[in-house]
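Report on the structure
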Amino acid sequence: MNSVQLGKSDLTVSRLAYGCMRIAGTWNPKEITPEREANGRAALLAAYEAGYTLFDHADIYCAGGCESIHGRLLKDSPELRRQTILATKCGIRFGDDKSPHRFDFSKEHILWSVDQSLERLGVEQIDLYQLHRPDVLMEPAEVAEAFEILHRQGKVKWFGVSNFFPNQYDLLAQFVPFPLVVNQLEMHLGYLDPFVNGTTDQCQARQVTPLAWSPLGGGWLGAGGKVPEGDKREKILEVLDVHAAKYGVSRTVMSLAWLMRHPSGIIPIVGSANPVNIADAAKADGIHLERDDWYRIYISARGRGLP
Ligand SMILES: NC(=O)c1ccc[n+]([C@@H]2O[C@H](COP(=O)([O-])OP(=O)(O)OC[C@H]3O[C@@H](n4cnc5c(N)ncnc54)[C@H](OP(=O)(O)O)[C@@H]3O)[C@@H](O)[C@H]2O)c1
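Keep in mind the model is a prediction, meaning the values are calculated, not measured.

A few words on the pairing of strand E12 (residues 267-270). With burial as the criterion, each face of E12 is covered, one bearing Ile267 and Ile269 and the other bearing Pro268 and Val270. Judged from the two bridges that link them, strand E3 (residues 17-19) and E12 form a sheet pairing that is parallel. Within the sheet, the bridge partner assigned to Tyr18 lies in E12 and is Val270. In this sheet, E12 lies alongside strand E11 (residues 209-213) in parallel orientation, the contact comprising two bridges. What sits directly across from Ala212, in E12, is Pro268.

Structural data, given as C-alpha cells:
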C-alpha cells in the first residue's frame, strides 16, 4: 500500500488505516473467549498482510479489550511493532451507578488513560493520541499541560482530535505547543457534513489529516450491504455499483476511493473484522476517480442536483 505523511508529523502511514473497534466481537471484555481472541488476531494479521500500518484504537473499545488483544499479538510477534503506527483515544467515559455518560478532558483523566492504554498495548509509546469527542467543559490550557507532560515523558509522540468542529480545533490548537495532526471524523456517502461545514477546508488549510470513521457507514456502503426497500439510499448504492463496475472494483472499494479522491487527503479507517473484506478494502489505494464520476456519486448522495 502507498504511504503518506500524517498531518505535520514525522509519521508515515498507510493510505488506509485499520480500525480496531470491532476486533473483540463484543463490547464486554468478559466475553473475549479464545475464539473471539483468535478472530481478532486474524483480523489484525489480515490488516498487516494487506499493508495497513496505521491502527486505530480507543480506550472504550470493548472497555480496553481491543487494545489488549492487539497488545497480546505484539507481545507474541514483537517484529510487528515496527510495522505499526499505534493510535488510540480517550475522553469518553461511560456511565455507571455513580456517574452519567460524559466526556472528560481533565488532565488527571488524560494522564491516567494514557497509562492504561500503554499497559494494555504493551508498548512504551503511543504514536498518535486523540481526544475522542469534544468535552463541553474543556479547559484548553489544562489539556495542553497534560499533552506537554506526556510528550516530555515520551509516552505520546503526536496528538490529534476527533469529532471536533473547526472552532473547537482552533481553540485547542492555540494552547497546545505542537501541531494537532489529525481530526478523526464521521465521513461517508451517508454523512457529508464535514465537506460543507468547513471541517475538511480547515484540514487542508492547517495541514491536518482527516481520518474518516465508519467510511462504509457501518456496513451498508460495503459490497453486499443493504438498505431497507424503498429507502432513499438505494439510489446511492445503484450509482456506486455502476461506477464499481466501470472501474472493475467492489462497491466497498468505490465507496472508499470516493473519500480518498478529496484533496484534503482523507484516510478511511476500515472497520471490517473479516480478513477477506479487509484485503478488498485495501485495493482502494491507487484508484483515482475521474471528476465527473466523483460528482455523479456526490450528487446521488446529496439526493438533489447542484445549484
Ligand atoms: N472517532 C470516533 O468517534 C469513531 C466512531 C466510530 C468508529 N471509529 C473508528 O472507525 C473505525 C471504522 O468504523 P466502522 O467499523 O463503523 O467502519 P465501517 O467500515 O463503516 O463499517 C464496518 C462494518 O461494515 C461491515 N461490512 C459489511 N460489508 C462489508 C464489506 N463488504 N466490506 C467491509 N465491511 C463490511 C463490517 O462487517 P465485517 O466485519 O463482517 O466485514 C463491519 O461490521 C473503527 O474501527 C474505529 O477505529 C471512530
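In the contact formed by helix H2 (residues 65-76) and helix H3 (residues 107-121), the axes pass within 7 Å of each other and the chain directions differ by 45°. Relative to H3, the element H2 lies oblique. Taking contact as the criterion, the partners of Glu67, Ser68, His70, Gly71 and Leu74 in H2 are, on H3, Ser117, Arg120 and Leu121. Looking at the contact of H2 with H3 residue by residue, the class counts come to two nonpolar, four polar and two charged.

This paragraph deals with the packing of helix H1 (residues 34-50) against H2. Each pair of packed helices can be described by the angle between their axes along with the distance between the axes. Two elements in contact, H1 and H2, have axes separated by 10 Å at closest approach and are oriented at 65°. Accordingly, the angle class assigned to the pair H1 and H2 is roughly perpendicular. At the point where H1 passes H2, the crossing takes the right-handed sense. Together, Glu37, Gly40, Arg41, Leu44, Leu45 and Tyr48 of H1 and Ile69, His70, Arg72, Leu73, Leu74 and Asp76 of H2 make up the contact between the two elements. When grouped by side-chain class, the residues that make up the contact of H1 with H2 number six nonpolar, two polar and four charged.

So, how was this worked out
- Residues numbered from 1 in each chain as written.
- Predicted model: local features only at pLDDT ≥ 70, side-chain atom pairs only at ≥ 80, totals over all residues.
- Heavy atoms only, no water.
- Buried < 20%, exposed > 50% of the residue type's maximum accessible area, 1.4 Å probe, protein only.
- Helix = DSSP H or I, 4+ residues; strand = E, 2+ residues; numbered from the N terminus.
- Pairing = 2+ DSSP bridges.
- Axes fitted to C-alpha atoms, helices over the stretch in contact; angles between N-to-C directions.
- Parallel < 35°, antiparallel > 145°, perpendicular 65-115°, else oblique.
- Contact = heavy atoms within 4.5 Å.
- Nonpolar A, V, L, I, M, F, W, Y, C, P; charged D, E, K, R; others polar.
- Left-handed = near helix turned anticlockwise from the far one by under 90°.

Purely geometric numbers; function is a separate question.
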